[in-house]
Amino acid sequence: MNQMITAALATAERAKPKVPVPVEELMKLAGAFCDEERLSEAEGLLDHIVSAVPDAPSALHLKGIVQFRTGRHAAAAAMIERALELQPDAAVFRRDLCPIYERLGRYEDALRVGHQALERDPCDLQTLHNLALVHHRRLELDESTACARRALAIDPTMPGPHFQLAESLLLRGELAKGWREYRWRFRIAGASQPLPPNDRPQWDGAPLPGATLLLVADQGLGDAIQFSRYIPWACERCPDVVVAADPLMHPLIRQIHPAIGLLDRWDKCPPFAAYCPLTELPRLHGTTLDRIPNKVPYLHPDPARAAVWRARLRDLIQPGYRRVGIVWAGRPTHRNDFNRSTRLAALAPIAALDDIALVSLQKGAEQAAIAARFDRAPLLNVAAEIEDFVDTMAVVAALDLVVTVDTSVAHLAGAMGRPVWILLPYAPDWRWLLDRSDSPWYPSARLFRQWSPGDWDGLARQVAQALSAPGSVAAAESAPRRDR
């Protein structure tokens, strides 16, 4: 019976008269779907348009935008390139190709189409912002800053160029200027806000006697670990402090300030007089390169758990092997993960060393790469036994060294004062600064930097060479420097 009904409905649908809808109207609807983040509906409609009118540049362009926003970067580039062939004078096509090429690591192409777009529209703010980002990826910081300032001269209220300017200033170590620009990040379209809408002011750093200050761990777990060092400073000014943070952070914050209030749900939040994101505390503190609070370690492993892991690693790893923890990928939802993460296979030069035993601390889907690994160094995968940062600290305490990309584990090992070698992309996050192998945030860290964008293989060879040096784990002060 159901099949008969379905067949009858299909016959009736075919018998309906077809009412043509102008392509312009369909494009308006597809554009509205994009604006409302209804991307699957937008793409379905655009597919219909492109199938009916294969050479419609505006439809190809918008479909490329949808593909880019859904992570299909190569397909997006091909789609907009096709649109550009059909309509070569469209500056907006070149403008939108620029960030797609940037995401694909095609920086020369990104600059080419970006500057072509700017020639056609010298005051296009989005193009200027796109170019500022591409120049930043190439560590052309003067050019990046010039593009950002040119955009701000046209519109001083545009958040993107302010944020890009902040990244360049902070990366150069101009922290005081950088902190001021960094505040604009919350105004970027789509940026997550530190807390739900409220009528309380953001804290200005002045004492709040007799009132509650709410601190919010507003960014990733690595940021929370790094900037939680400022909690005691805030508590000196406001004795009644509550911290809103991911539950994974609660045991760590308790170490820093045992009596502090903690919450992980907004419906549990007490009344507060003012709030402050953790990432704003360095600005309020007046942090400069010579005034970074670096009393390290400020995080400590549980002694009993650490003893268990030391005994376990003694049983599982042969004597004479150096125990090196590894992490090769961060959280894939991080906005910069495509730039900061690599593959397990890229660490092959490290795994080829004779006296190394690798201990994988990698979490998430990237663990699957271990099954296909065939290298000389033994690899022990302990990630399944790590539930939280307390477990991670216990394992790290039992290792001789941690080698990791720029993830929360790098911050955790650094905050523990444990030897940690951090593998950085060519254009690193601002906190690692430029052209130095040490970090003023973490005295036990050694920084290894790519010499060209995306060169993870070369970076791994740098690390393997450093590990081959006598006493390298204990004495690692002189990573190769790069002339700029």
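What counts, and where the lines are drawn
- Residues numbered from 1 in each chain as written.
- Predicted model: local features only at pLDDT ≥ 70, side-chain atom pairs only at ≥ 80, totals over all residues.
- Heavy atoms only, no water.
- Axes fitted to C-alpha atoms, helices over the stretch in contact; angles between N-to-C directions.
- Helix = DSSP H or I, 4+ residues; strand = E, 2+ residues; numbered from the N terminus.
- Parallel < 35°, antiparallel > 145°, perpendicular 65-115°, else oblique.
- Left-handed = near helix turned anticlockwise from the far one by under 90°.
- Contact = heavy atoms within 4.5 Å.
- Nonpolar A, V, L, I, M, F, W, Y, C, P; charged D, E, K, R; others polar.
- Buried < 20%, exposed > 50% of the residue type's maximum accessible area, 1.4 Å probe, protein only.
- Pairing = 2+ DSSP bridges.
- Salt bridge = Lys/Arg side-chain N within 4 Å of Asp/Glu carboxyl O.
- Core = buried A, V, L, I, M, F, W, Y, C linked by side-chain atoms within 4.5 Å.
- pLDDT = per-residue confidence, 0-100.

## Side note on the packing of helix H2 (residues 23-35) against helix H4 (residues 57-69)
In step 1: Between H2 and H4, the shortest axis-to-axis distance is 11 Å and the interhelical angle comes to 15°. Considering the angle they form, H2 stands roughly parallel to H4. Between H2 and H4 lies a crossing whose hand is left-handed. Note on element contacts: H4 touches H2 through Ser 58, Ala 59, Leu 62, Val 66 and Arg 69, opposite Met 27, Ala 30, Gly 31 and Cys 34.
In step 2: Broken down by class, the residue content of the contact of H2 with H4 amounts to six nonpolar, two polar and one charged.

## Focus: the environment of Arg 331
In step 1: As for its placement among the helices and strands, Arg 331 is situated in the loop between strand S5 (322-327) and helix H17 (337-340).
In step 2: Each C-alpha atom of the pair Arg 331 and Glu 366 lies 9.6 Å from the other, and the pair is 35 residues apart in sequence.

## What to know about the packing of helix H5 (residues 73-86) against helix H6 (residues 91-103)
In step 1: One way to put it is that H5 packs onto H6 with a least axis distance of 10 Å and a crossing angle of 155°. The angle between the axes of H5 and H6 places the two elements in the roughly antiparallel class. H5 and H6 meet at a crossing whose hand is left-handed. Contact with H5, carried on its side by His 73, Ala 76, Ala 77, Ile 80, Glu 81, Ala 83 and Leu 84, involves Phe 93, Arg 94, Asp 96, Leu 97, Ile 100, Tyr 101 and Arg 103 of H6 and no other residues of that element.

## Structural notes on the pairing of strand S2 (residues 240-244)
In step 1: Buried residues dominate S2, accounting for four of its five residues.
In step 2: As paired elements, strand S1 (residues 212-216) and S2 share five bridges and run parallel to each other. Bridge assignment links Val 216 to a residue of S2, and that residue is Ala 244.
In step 3: Two strands pair when backbone bridges link them, and S2 and strand S3 (residues 261-263) are joined in this way by three bridges, in the parallel orientation.

## Observations regarding the pattern of salt bridges
In step 1: Enumeration over the complete set of coordinates arrives at 33 salt bridges.
In step 2: The salt bridge involving Glu 41 is made with Arg 38; its shortest N-O contact spans 2.7 Å.
In step 3: Note that Arg 343 is salt-bridged to Asp 457, the shortest N-O span being 3.9 Å. A residue pair is termed long-range when its members are at least 10 positions apart, and Arg 343 in the loop between H17 and helix H18 (348-351) and Asp 457 in helix H21 (residues 456-468) qualify at 114 residues.
In step 4: A relative accessible area of 46% means that Arg 343 is categorised as partly exposed.
In step 5: Note on Asp 457: relative accessible area 38%, which makes it partly exposed.
In step 6: Because the salt bridges share partners, they merge into one network encompassing Arg 183, Arg 185, Asp 218, Glu 280 and Arg 283.

## Structural notes on the nonpolar core
In step 1: Within the largest apolar cluster, 76 residues are counted, with the highest numbers of intra-cluster contacts made by Trp 203, Leu 213, Leu 215, Ile 225, Ile 231, Leu 299 and Leu 361.
In step 2: Sequence-distant contacts of Leu 299, defined by excluding residues within four places in its chain, comprise Ile 225, Leu 252, Gln 255, Ile 256, Met 393, Leu 412, Ala 415 and Met 416.

## Notes on the confidence of the model for the protein chain
In step 1: Chain-level statistics for the protein chain give a pLDDT mean of 90 and a share of 93% at 70 or above.
In step 2: Predicted confidence for residues 4-19 stays below pLDDT 50, and this span has one contact to residues more than four positions away or in other chains.
In step 3: Across residues 474-484, where pLDDT falls below 50, the model places 22 contacts with residues more than four positions away in sequence or in other chains.

## A closer look at the sheet that holds strand S4 (residues 274-277)
In step 1: Read from one edge to the other, the open sheet built from four strands follows the order S3-S2-S1-S4, with strand pairing classed as parallel. Looking at strand neighbours, the two that pair on one side only are S3 and S4, the edges of this open sheet. The average undirected angle you get between the axes of adjacent strands in this sheet is 25°.

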